Amino acid sequence: MKLKPDTPPPGCPAHSSTAGLTPLISATGSLDHRVVYRQLRAEQGPVARVELEPGVGAWLVMGYRELLTITRDERTFVHDARNWKDLQDGVVAPDSGLLPMMAWRANVIGADGETHRRLRRPLDEGVAHIDQRRTRREVEAICADLVASFAGRGSADLIGEYAAVIPLLALASLFGMEREEGLELRQALIALFGSQDNSQSGNRQFEEILLDLLRARAADPDDTRDDLTGVFLRHPALENEAERLQSMVVMIAAANETVTAWISHTLRFLLTDPRFSAQLRGGSLGVDDALDEALWRDPPMNVMPARYALHDTELGGQQIRKGDVLLLGLGAVVDDPLMQTGFGPMAEPGNRAHLAFAAGPHSCPARVPARLITRTAVSTVLNLLPDIHLSVPAAEITWLPSPWTRVPTALPVEFSTVAAAPELQHR
């Protein structure tokens, strides 16, 4: 991308419009990110200016009404990043770690209107095609095998050895991939979602793995498997290889990262919040109630990119200019005063008025299989390791670097090997 002659290069002091702004990653990466969100709300209201990277600003939308507005009004707020002024003007560098998550792609996320509806159909039909009973059995087996791999030593990291592994192995199965390919995808996605220096290389590796799979399947005329790869290969709404590849990219990347985060946060609450743990273990809350509270308190996509303003407008008391980028502050909406009525430490469980899956035409198409995988993962570890407990103080939990998601770096736990062994021996 060429810079305009009068445009200072990225990182130049002339780009001072973000000076003094809160870096977004400082919110998602903090122990109590909601404190940061509350401070932003107190200072700026439900729509706050934040810094994505040095010199690159964005609007963080934290209000419930405002989030519904930008997710439903396609005439004003669109997904197509080619409308992003800072990208057009060269403020965002071509090698920016933001681009794998925010640059335009020829997929359902980057499209609006009729193009979006055409590209969305294969995803919806692919999800509807999933055999939920078979998937649940496969996920149960994956979870039991993972627990068996560390049950004998009485300790584990529930992120690296469990929560981060389950979604990609489940997705690999749904797409007809081998376990090793699923683990390779995981490493690439860690880099992609981090939006750091290795983000673009992670994105390239991720797409190369999927493209090799897609081409190998397309080259075999006898391959009639009806997994998700087969659905995308044969779906008439997908017009070329690029659209098929990007449909796989969207489904796998979004589902993996969000399910990893959802499993992680539910387990973290169980291990660190006495009220939450006591209610669940005491039987007053079911697993589904626990999953919903996790969605409220720490949604899988804490911040979701992005919408771009097609013209000047007003939102939440702020003047939004044409070409501005707006981010969905899904992790901040729980503190919107509008949502406080009836919500709090003793709120009725099972409330699903959250926006964890976004809203409008671009709402998540895979919430049913995501819940199935997450519920199975949480239930299995509770059943097989009933006396599990965190082996470090909760305050020592740290977070993988990302402006978008909050996944713990590790959840080190200890448990009785005797409690787990009898059930695992019968798997």
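This report concerns the structure included in the present document. Fair warning: this is a prediction, and the values are worked out from it, not measured in the lab.

**Focus on the sheet that holds strand β10 (residues 389–390)**
In a beta sheet, neighbouring strands pair by backbone hydrogen bonds and run either parallel or antiparallel. Ordered by their spatial adjacency, three strands build an open sheet running β5-β11-β10, and the pairing between neighbours is antiparallel. On the outer flanks of this sheet lie β5 (155–157) and β10, each paired with one strand and no other. In the sheet, β5 pairs with strand β11 (residues 412–414) via three bridges, with the strands oriented antiparallel. Each residue of the ladder has a partner; that of A156, found in β11, is V413.

**Topic: the pairing of strand β6 (residues 304–309)**
Taken across its six residues, β6 has six buried, putting it largely inside the fold. Judged from the two bridges that link them, strand β4 (residues 77–78) and β6 form a sheet pairing that is antiparallel. When the sheet's bridge partners are listed, F77 is paired in β6 with A309. Pairing of β6 with strand β9 (residues 325–328) involves three bridges; the strand directions are antiparallel. Residue pairing across strands places R307 opposite L326, the latter belonging to β9.

**Focus: the packing of aromatic side chains**
Both the distance between ring centres and the angle between the ring planes are used here to describe each pair of aromatic rings. In total, this model carries three aromatic pairs according to the counting rule given. Taking 5.9 Å as the distance between ring centres and 40° as the angle between the ring planes, the aromatic pair formed by W84 and Y308 counts as tilted. Taken as a pair, W84 in the loop between β4 and α4 (85–88) and Y308 in strand β6 lie far apart in primary sequence, 224 residues in all. Taking the relative accessible area as the measure of exposure, Y308 reaches 1% and is therefore buried. Ring geometry for F175 versus F232: centroids 6.1 Å apart, planes at 50°, classification tilted.

**Some thoughts on the sheet that holds β9**
Pairing within the open sheet is mixed, and its six strands lie in the order β1-β2-β3-β9-β6-β4. Both edges of this open sheet fall to β1 (22–23) and β4, since each of them pairs with a single strand only. Contacts from helix α2 (residues 33–44) reach β1, β2 (47–53) and β3 (56–61), with the element oriented near 125° to β2.

**As for the environment of W399**
In this fold, W399 is placed in the loop between β10 and β11. Judged by its relative accessible area of 10%, W399 falls in the buried class. Each C-alpha atom of the pair W399 and S30 lies 7.6 Å from the other, and the pair is 369 residues apart in sequence.

**Observations concerning the environment of E396**
Checked against the element boundaries, E396 lands in the loop between β10 and β11. Look at E396 and you get exposed, because its relative accessible area is 52%. As for E396 and L411, which are separated by 15 residues in sequence, their C-alpha atoms are 9.8 Å apart.

**Observations regarding the packing of helix α6 (residues 113–129) against helix α13 (residues 241–272)**
Remark: α6 packs on α13, axes separated minimally by 11 Å, with the N-to-C direction vectors making an angle of 55°. Between α6 and α13, the angle falls in the class oblique. Note on packing geometry: the crossing formed by α6 with α13 is right-handed. Contact residues: α6 offers R118, L119, L123 and V127, while α13 offers E243, S247, V250 and M251.

The rules we used
- Counting starts from 1 at the beginning of each chain's written sequence and moves along it residue by residue.
- Note on the predicted model: pLDDT of at least 70 is required for a residue's local features to be given, and 80 or more for side-chain atom pairs to be given and counted; whole-chain, interface and lining totals, by contrast, use all residues.
- No hydrogens and no water enter the side-chain calculation; it runs on all heavy atoms of the structure.
- Here a strand pair is declared whenever DSSP counts at least two bridges between the two strands.
- Going along the chain from the N terminus, every DSSP run of H or I of four or more residues is numbered as a helix, and every run of E of two or more is numbered as a strand.
- Partly exposed residues are those whose accessible area sits between 20% and 50% of the maximum for their type, while under 20% is buried and over 50% is exposed, using a 1.4 Å probe and protein chains only.
- Aromatic pairing here means that ring centres of Phe, Tyr or Trp (its six-membered ring) are within 6.5 Å. Orientation follows from the plane angle: under 30 degrees is stacked, over 60 is edge-to-face, and everything else is tilted.
- Whether two residues are in contact is decided by their heavy atoms, any of which lying within 4.5 Å being enough.
- To obtain each axis, a line is fitted to C-alpha atoms, and for helices this fit is confined to the stretch in contact; angles are then taken between N-to-C directions over 0 to 180 degrees.
- With respect to orientation, any angle under 35 degrees is reported as roughly parallel, any angle over 145 as roughly antiparallel, any angle of 65 to 115 as roughly perpendicular, and every other angle as oblique.
- Rotating anticlockwise by less than a right angle from the far helix to the near helix defines a left-handed crossing, while the corresponding clockwise rotation defines a right-handed one.

Limitation: the analysis is restricted to geometry and does not speak to function.
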